[in-house]
Amino acid sequence: MLPVLLMEPVSYSKRRRYSEILMEPKRRLQPTLEDVKQRLKEIRNYSLAHLDELVSQLTASLAAYPEVEIAFAQDARQAVETIRGIAGGGKIAINKSAVIGSELMPTLVASGYNVIESYYDEFEPFDNRSSEYWQLPVMTFESRFQSFERPVDLTVLRSGSIQKNGTKDFLGLLGVNAISAQGTVLMLQHMHNISKVFEQARELILVASLDKIVKSLDDAIFQTKCMAIFGSEALPLTLGGKAKQESSIDELPFKIPPEQTPSKIHLVLLDNGRSQILRSTYKELLACIDCQACNGACPAYLSDKPLTPSELPLKFRRDLLEIGTDLSELGGDIEIHSAALGTPFISVEAEKDEIWDCTACGNCNEVCPVGVKHADTIEALRGRMVMEKAVMPSTVSRTLRSIEDRGHPWRGTTLTRTDWTHGLDIKTLAEDSNIDILYWVGCTEALESRSVNIAKAMGKLFKLAGIRAGILGIEESCCGEPARRLGNEYLFRIQAGRNIERMKSYNVKKIVTACPHCYNTIKNEYPDYGGEFEVIDHTQFIANLLNEGKLRIREGERRVVTYHDSCCLGRYNGIYELPRQILNNMVDVTVVEMKLNRERGFCCGGGGGHMWLEENLGRRIGEMRFEQAIDTGAQILATACPFCLQMFDDAKKAKAVDVSPKVMDIAELIAESAI
């Protein structure tokens, strides 16, 4: 019989104890988490690079199982037609898998099937105790396998159940997590969530997407367990009370005797656009193992907005194919699954608004075990909407127009780029180009009324430290980051070219900026266009001044401070400890951490152009992060980014609670105490 192995996590008590053993400080563990990720990437890369070969091997292997009937489906509609051809209409019981729930469910419902979601809660929703196991810093070979019970062969259980009870009048439709080229199917479930479907269904149909075929059984087991381990934090987010349904499996009688129960197991291999994505520049998206860790890290998803990062490849495949297919590489035959080429897609109707929910925080990229770059994909999709279709929210259009017309995104500001310099002896390079360093002020610190205090604080520090800093003043124009994040690549390049030319005309070599968005753009993106400068973030600059003795801090009233990691400063550039070192060096400051910090920090909600986008759906991301700061009991919420500063100031006003931290940039904190 076709081996269908069930991988079942052990009980929480066992897992929690095992995590305690692994976390013992003197216990030396190998391999590291990075080793595990590397092997997983190798498995996924091999599958994608040898998909034709693996499909052929699997087909040949299944020929050894006469009870298995295999079918290939180009899209969801063809898959449902195959299902109807096997079992007709009636009731269908499904498991909780992405290929069934996201890809086939809409077409099943539209086709009139009565769908029973046979998924019983694995654990209480949002049970935070589970994190003790899943957030382990390492995962050894031993722990990978000891964290699961021994695999159970479901086909053996089905055979025994049929002989004893017969079956019930419903179709079992189950998505699989991995399948080896030798013909072994792997499923990740708890036994009580799937056994009734597998044992009691009149007909059984397994659905595997083409990208889940792997080279060997060992690889299939490894991939399936990695899906559980990396995706477990996101899993509780999808669980809730069991939905009310017209019927359940338990209510159905055993009415089909053993001798009338079909002996076949049907396997549907679903393409649904994958073979085309594989031939595009976005083929890395198919490395996804459906762990949904990206969803559990996404501030848009967690704040109840439509964006679901794990569904990007299939929801937006038409757009991805149009912007990412290199037709010159489509030569040669794609065996078996190539019929999908040129075939219209029948799938989930994508809501284009979803791509505007992303804050470009990069947390999805950070947590993905195979390195899928969701944020980069969303940026490309925005570019297609803006530059090719001219489809965008009105606030995006107005922001881009303001950058084009005024050189900055702050429509309606009454400030100029030099108003903040009064009394600080800061000159423009046009007035005096004999400087130690160029201070790149940025649009927000120059033109937004709250953030301008950061620029004033920096001016004070320059003066105290005896640094000859100059600015471009009216010659400074938006660095272009909002334009690029909002999808107008053309405008970004215009802005970048203009600024690079201007700075080179003054022979600028060294730049300091207090805006992480400007910092990341000038440091990491301008070099692609000839802009090679030494760029320093203001936390690095302040730390250097303190270390060199050019600034000293006087002791004041004792304060408790919590620090928020800017995504552009931290996740994009790895600057986590310097801001904390500055705070810890202030003798009157005690630093406390929010639960989500450093690499796992939570976004302020202002990135990805969201400083100028309305947040109309779900909860406000900035308010969610501000609540986390309140929970620390800190008196001050320190930031190192004008976007974060403004988002938290807005959140503080909206929350209007009696006790909440004052929001300050690190530059303001230092300038307040510097001598």
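Note that the structure is a prediction, hence the values are computed from the model and not measured.

Before going further, it helps to examine the environment of Ile-277. Tracing the backbone through its elements, the reader meets Ile-277 in helix 11 (residues 274–278). Ile-277 gets classed as buried once you look at its relative accessible area, which sits at 0%. Separated by 40 residues in the primary sequence, Ile-277 and Arg-317 place their C-alpha atoms 7.1 Å from one another.

The alternating pattern of strand 1 (residues 4–7) places Val-4 and Leu-6 on one face and Leu-5 and Met-7 on the opposite face, and all of these are buried. Direction of pairing for strand 1 relative to strand 8 (residues 185–188): parallel, over a ladder of 4 bridges. Residue pairing in the sheet places Leu-5 in a bridge with Leu-186 of strand 8. As judged from the 2 bridges shared by strand 1 and strand 5 (residues 152–153), these two strands associate in the antiparallel manner. Residue Leu-6 lies in a different strand from strand 5, and its bridge partner there is Val-152.

Here we come to helix 25 (residues 577–584). Buried within helix 25 are the following residues: Pro-579, Arg-580, Ile-582 and Leu-583. The arc enclosing the buried residues of helix 25, seen along the axis, measures out at 155°, which places them on a common side. Looking at the packing, one finds that the buried side of helix 25 touches helix 24 (538–547), strand 18 (559–563), strand 19 (589–592), strand 20 (636–639) and helix 28 (666–673).

Once that is clear, we can look at unusual backbone geometry. In this structure, Asp-304 takes a positive phi of about 70° despite not being glycine. As for its position among the elements, Asp-304 is in the loop between helix 13 (299–302) and helix 14 (312–315). By relative accessible area, which is 55% here, Asp-304 ends up exposed.

Residues Leu-206, Tyr-439 and Met-458 are the most contacted members of the largest nonpolar core, which totals 168 residues. A per-element tally of this core places helix 20 (residues 452–465) first, with 8 residues. The residues touching Leu-206, leaving out its near neighbours within four places in the chain, are Leu-2, Val-4, Leu-174, Val-176, Val-185, Phe-198, Ile-265, His-266, Leu-267 and Val-268.

Next up on the list: the state of the cysteines. Taken as a whole and assessed by the stated rule, the structure comprises 0 disulfides. A disulfide-free cysteine, Cys-298 has its sulfur positioned 6.5 Å from the sulfur of Cys-361, the nearest such atom. When its relative accessible area of 7% is taken as the criterion, Cys-298 is described as buried. Here Cys-567 is not disulfide-linked; the sulfur of Cys-603 is the nearest cysteine sulfur, at 4.0 Å. You can call Cys-567 buried: its relative accessible area is 12%.

The next subject is the packing of aromatic side chains. The tally for this structure, following the rule as stated, stands at 6 aromatic pairs. With 5.3 Å between their ring centres and 65° between their planes, Tyr-439 and Phe-462 make a pair best called edge-to-face. Of this pair, Tyr-439 sits in strand 14 (residues 437–440) while Phe-462 sits in helix 20, and the two are 23 residues apart along the sequence. One exposure class covers both Tyr-439 and Phe-462, and it is buried. Ring centres of Phe-492 and Tyr-529 lie 5.9 Å apart, and the angle between their planes is 70°; on these two criteria the pair is classed as edge-to-face. Taken together, the positions of Phe-492 in helix 22 (residues 489–505) and Tyr-529 in the loop between helix 23 (516–525) and strand 17 (534–537) put the pair 37 residues apart, joining distant regions of the chain.

Each value, and the rule that gives it
- Residue numbers here run from 1 along each chain, matching the order of that chain's written sequence.
- Totals for whole chains, interfaces and linings use every residue, but because this is a predicted model, local features are given only for residues with pLDDT of at least 70 and side-chain atom pairs only at 80 or more, for both listing and counting.
- Only hydrogens and water are set aside; all other atoms, that is, all heavy atoms of the structure, feed into the side-chain values.
- Helix and strand assignments follow DSSP, with helices taken as H or I runs no shorter than four residues and strands as E runs no shorter than two, numbered in order from the N terminus.
- Categorising residues by exposure relies on relative accessible area from a 1.4 Å probe, with only protein chains included: less than 20% of the type maximum marks a residue as buried, more than 50% marks it as exposed, and the intermediate range marks it as partly exposed.
- Pairing between strands is defined by DSSP: at least two bridges between them are needed.
- What the arc covers is the set of directions going from the helix axis to the C-beta atoms.
- Residue contacts are defined here by distance: any two heavy atoms, one from each residue, within 4.5 Å place the two residues in contact.
- Residues enter a nonpolar core if they are buried and are Ala, Val, Leu, Ile, Met, Phe, Trp, Tyr or Cys, with the set joined through side-chain atoms within 4.5 Å.
- Any cysteine sulfur atom paired with another within 2.5 Å is treated as part of a disulfide.
- Any two rings among Phe, Tyr and Trp, with Trp reduced to its six-membered ring, count as a pair given centres within 6.5 Å; such a pair is stacked if its planes are under 30 degrees apart, edge-to-face if over 60, and tilted if neither.

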